[in-house]
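# Structural overview
Here is what each chain is made of, one letter per residue.
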Amino acid sequence: MKYIDLNHLIPQLAEKGTWIGRCMVPAKKAHNGIAGPHVVLATKGKVYDLSAHYNSTSELINSKNPVATLKALKDLPKLGNLADILKNSLYFNQNPNLPYLIAPNDIQAIKACGVTFVKSLLERVIEEQAKGDANAAKALRKTISASLGKDLSKVVPGSPETKKLKKELQKKGLWSQYLEVGIGKNAEIFTKAQPLSAVGFGAEIGVLKSSKWNNPEPEIVLAVASSGKIMGATLGNDVNLRDYEGRSALLLGEAKDQNGSCAIGPMFRLFDEKFTLDDIKKSNVQFSMAGKDGFTTSGSNNMKEISRAPEDLVAQVIGKNHQYPDGFVLFLGTMFVPTADRNKKGLGFTHKKGDQITISASHLGTLTNWSNTCDNIPKWKFGIGAFTNYILKRNSKKF
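Okay, unusual backbone geometry next. The linkage connecting G265 with the following residue, P266, adopts the cis geometry, with an omega of 5°. Relative to the helices and strands, P266 is located in strand β13 (residues 262-270). In this model, K44 sits at a positive phi of 50°, which is unusual for a non-glycine residue. For K44, the position within the fold is in the loop between β2 (36-43) and β3 (46-49).

Before going further, it helps to examine the environment of F328. Tracing the backbone through its elements, the reader meets F328 in strand β16 (residues 328-331). Look at F328 and you get buried, because its relative accessible area is 1%. Separated by 104 residues in the primary sequence, F328 and V224 place their C-alpha atoms 5.4 Å from one another. Among all residues touching F328, those that are not within four sequence positions of it are Q108, A109, K111, L222, A223, V224, V314, V317 and I318.

Pairing in this open sheet of 5 strands is mixed, and the strands run β8-β18-β17-β14-β15 from one edge to the other. Both outer strands of the open sheet, β8 (204-207) and β15 (296-302), are each paired with one neighbouring strand and no more. Recorded for the sheet is a direction-independent mean angle of 25° between the axes of neighbouring strands. Alignment of strand β17 (residues 356-361) against strand β18 (residues 365-373), held across 6 bridges, turns out to be antiparallel. Pairing of A361 across the sheet is with G365, part of β18.

Cut-offs used in this document
- Residues numbered from 1 in each chain as written.
- Predicted model: local features only at pLDDT ≥ 70, side-chain atom pairs only at ≥ 80, totals over all residues.
- Heavy atoms only, no water.
- Helix = DSSP H or I, 4+ residues; strand = E, 2+ residues; numbered from the N terminus.
- Buried < 20%, exposed > 50% of the residue type's maximum accessible area, 1.4 Å probe, protein only.
- Contact = heavy atoms within 4.5 Å.
- Pairing = 2+ DSSP bridges.
- Axes fitted to C-alpha atoms, helices over the stretch in contact; angles between N-to-C directions.

In structure tokens, the structure reads:
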């Protein structure tokens, strides 16, 4: 396995910023002696248990002024050094008798936006035209990019100009359902995964064994309160099956929501006086992938190129017509879709077992995972029912 420089996983090992997340904690270190997922705070290179104050990160994020409250808390139980916990979070290092990080979200809904960058929009149109066949993608990419790329880069979604462009593209036979959500009034917003199903930093991600054309999608993920207020952010990998979605948009559920197909982490960084939504809008998300076969690829997402403002996307998720009492996390979309040929010329990129995927941003740290097939990674067993029973059991120990 590739060596990981822990100092870059969370900026200066949480010397700055307000970082919260979750750790799986063994009984000997657990709150009230009940092993399970604990809400934690990382600061000054240490990780502290917040379980006496919060049952979930949802509860914390939805609380009144969480940053000020966290600053006021004293004598929190220490779970260990952040560097040690990060190291133990790597699936091949993991010792269950020591704390390790898991996805920072828990009972929040997991939502995602699609085609919010021009490049990813073009790739979705290519997938649709190719009907999920990677062999046809290369020729289509050249044709479609030449026809659409220059025009789309100048279009503001939902603007009057889009109606005119839509008519022109329809005449060319190039109009697509992806263009509808890419440059139209309404964004593509879908349910990426189920609450508590996301994997965290260091875990294996899952790709369907039957998929022959798939890719990672590096993205920024917002943490949103039930009020609709954006409270912080982290990183995510919106693992995607290009052949499934390309065959039919109605296969989006299969293409997006599988065992281990959603990675979020390493921790939420809450907005405070030194970190705001403006920092997110200026972020550059870096991506790299290294395979056991020696294949590598890399790229980046410059958030300045996103077609819709993050707060506008949030407003399309929550409002008078739809509420989220536990809050939600929102993937903002990606502009990087790897297209370099990996196996045969013209077939583009697809995952192989053991690929190391690294997603990073200067304000948010690094999310690292390894690819495997969905059936060969740990099964998801800890759902809402198990979480409820766990919290009841843990809190009953108070009495």
